[in-house]
Amino acid sequence: MKKLIILGAGTSGTMMANHLVSKLDKKDWNITIVDQYETHYYQPGFLFLPFDIYTTKQVKKKGKKFIPKGVNYVQEKIELILPAENKVTLESGKDLNYDILIVATGTKTAPDETEGMDGPEWYKSIFDFYTYEGAKALRDKLRKWEGGKLVIHITEMPIKCPVAPLEFAFLADSFFKHKGMRDKVDITFVTPLDGAFTKPKATAALHYLLEEKNIKEVTNFNIERVDYENNKIIDYADTEVEYDLLVTVPTNMGDALIERSGMGDDLNYIPTNKATLQSIDNENIFAIGDATNLPASKAGSVAHFEAEILTDNILRYINGEPLKEEFDGHANCFIETGNGKALLIDFNYTHEPVEGTFPFPGVGPLSLLKESRTNHMGKMAFRWIYWNMLIKGIHIPFVSATMTEKGKNYEEAK
Amino acid sequence: MKKVLANKEIDVNEEGYLLDFTQWNKEVGNSLAEECDIVLTPRHWEFIEYIHDKYNKEEPLSIRGIKKSGEFDVKEFYALFPGGPLKKATLIAGIPKPKSCI
Ligand SMILES: Cc1cc2nc3c(=O)[nH]c(=O)nc-3n(C[C@H](O)[C@H](O)[C@H](O)COP(=O)(O)OP(=O)(O)OC[C@H]3O[C@@H](n4cnc5c(N)ncnc54)[C@H](O)[C@@H]3O)c2cc1C
């Protein structure tokens, strides 16, 4: 009996378990998935939790429910991967041997990477919304906050779902308007990048949103430390930004497991072939989703496209066939713009976000790079699609893993 | 766009970054630095070498990487290339501006 092990039962790992269980012959293959937590979180929901748009119940479910029959589910922390021995060690000291390993351990926030961030003011005047705990603590804070300087801040790139901080700013604008206290809140968006939108095409099309919502922008800000005693963030060029409420996205890093196993880059991401998803260092180890170092967005939608291609490549690898070099970095994400509207963007490794319609060329119903209510409905429907289709590995009709250029006005990325 | 630097015709994009690294040499680097109002010292060149090394190994450049390198201090990097050190240093080094995914 051969063994395939999936590390991590988040979005990517759960999808892979569902794809592979029906594709691998049960007589020959034994599939195991390991995760430390009982709960599977719907992370995109963390954006809405602080504003009381979603409840805590809507963003978490028991992980086991989504693991198909025929796959062994182990709930334990993974201690070490030993590629040379084709072996994984769990926290209890138990060893699991594998013939094929899929690493899907994602990425997480590391506030301790920045001086002063997770000190005495953490979850008092400094918050993140990238974790369940952070989003919930921020919700409680926002329920009673009386206003002042709200600073939304990105520590360093890459981060998962790179547009989420901007969406947070847009939603905050709506939130305070509805509460009748927008005039008491000053919103500033602070980024290490050149602008709030990182792709030139998106910047040109979308900058009006910041002006319209009166959100100030501080760009090229590389944080050195948080001066929590004086309520300001300071960067390496000595620029200071004052806050009363700091909502930051801390450094995102792969799990410490990857570092312990000596398998990662500076940020604990696994060097991975960007077209085949095979790890660079070991031919029987594959990586998917946020755990990879691919120059693609770290997003559930990207992981979804990757899963289809990785499933194919695992089968090819088993059959001794050459791997398909097919993944093109395809991403599409909804950007919530507040007031019940959203945008949709679609891009890949080589193409800038495009204008046009999605998924049907020329028809839509979703429009790319334009605000609309239908797009907002799409974003809200994504939660249902996520729990009921996406992580179960059910093909989402009309949406293909590689990007189609039909019906879109696109431009080559430079 | 074409541009003449250090008596050499080179191709640059609209932001002034070289399109073809093979057209780069130290004189071109010096002229590019002059346009940024930077006079290159031996310490600047050490940074540029570090950047080329990263570029050749196809490793992404980042402030974190510089911090972790142990050889350089981020504050010093800011002092040497004031106002957007990664952007200026890559421009002078003749390689593309560091990209970050959306
Ligand atoms: C605020 C926010 C908004 C987002 N919005 C969107 C959106 O609108 N659209 C979109 O497509 N994506 C969005 N995302 C991104 C999306 O949630 C992630 O890209 C996706 O979940 C990645 O899946 P993954 O399986 O690679 O990682 P994860 O889902 O994070 O799973 C990793 C799993 O590995 C486990 N693990 C890690 N290390 C260990 C260990 N040592 N031992 C045992 N288990 C371990 C973890 O417990 C976890 O369950 C958002 C994310 C955030 C935070």
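See the structure above.
Description of the structure in this document. All values derive from a computational prediction rather than experimental measurement. (Residues numbered from 1 in each chain as written. Chains lettered and ligands numbered in written order. Predicted model: local features only at pLDDT ≥ 70, side-chain atom pairs only at ≥ 80, totals over all residues. Heavy atoms only, no water.)

Once that is clear, we can look at the overall build of chain A. Within chain A, the regular secondary structure consists of seven helices and 25 strands. Radius of gyration (C-alpha) of chain A: 21 Å, near the 22 Å computed for a compact globule of 414 residues. Principal axes of the C-alpha set define a box for chain A whose edges measure 65 × 50 × 40 Å. In chain A, which comprises 414 residues, the share counted as buried stands at 58%. Expressed as a percentage of contacts within chain A between residues at least 6 apart in sequence, the contacts between residues at least 24 apart total 67%. Surface summary for chain A: the accessible area is close to 16,800 Å², and the carbon and sulfur share equals 48%. Within chain A, one finds 48 positive and 59 negative side-chain charges whose respective centroids are separated by 9 Å. (Helix = DSSP H or I, 4+ residues; strand = E, 2+ residues; numbered from the N terminus. Rg over C-alpha atoms; globule rule 2.2 N^0.38 Å. Buried < 20%, exposed > 50% of the residue type's maximum accessible area, 1.4 Å probe, protein only. Contact = heavy atoms within 4.5 Å. Areas by Shrake-Rupley, 256 points an atom, 1.4 Å probe, with all protein chains shown as cover. Lys, Arg positive; Asp, Glu negative; His and termini not counted. Charge placed at Lys NZ, Arg CZ, Asp CG, Glu CD.)

With that settled, consider the site of the ligand. Residue and element names in this part refer to chain A. Around the ligand there are 30 residues in total, and Thr11, Ser12, Asp35, Ile78 and Ser301 lie nearest to it. Glutamine 43 is positioned such that a nitrogen or oxygen atom in its side chain is 2.9 Å from an oxygen atom of the ligand. In this structure, aspartate 255 approaches the ligand through a side-chain N or O atom, which is 3.1 Å from a nitrogen atom. Within the complex, the protein chains bury 95% of what would otherwise be the 1,000 Å² of accessible surface of the ligand. (Near = heavy atom within 4 Å. Polar contact = N/O pair within 3.5 Å; in protein donor to acceptor, adjacent residues only side chain to side chain.)

In this section: the packing of aromatic side chains. All chains considered together, the criterion is met by 28 aromatic pairs over all chains. Ring plane angle 75° and centroid distance 5.7 Å describe the contact between phenylalanine 77 of chain B and phenylalanine 81 of chain B, whose orientation is recorded as edge-to-face. Pairwise contacts between aromatic rings join Phe51, Phe129, Tyr130, Trp145, Phe168, Phe175 and Phe176 of chain A into one cluster. Here the guanidinium or amino end of lysine 213 of chain A rests over the ring plane of phenylalanine 170 of chain A, the centre of that ring lying 5.5 Å away. For the cation-ring pair, lysine 26 of chain B lies above tryptophan 45 of chain B, with the distance from its terminal atom to the ring centre recorded as 4.8 Å. (Phe/Tyr/Trp six-rings, centres within 6.5 Å; stacked < 30°, edge-to-face > 60°. Lys NZ or Arg CZ within 6 Å of the ring centre and 35° of its normal.)

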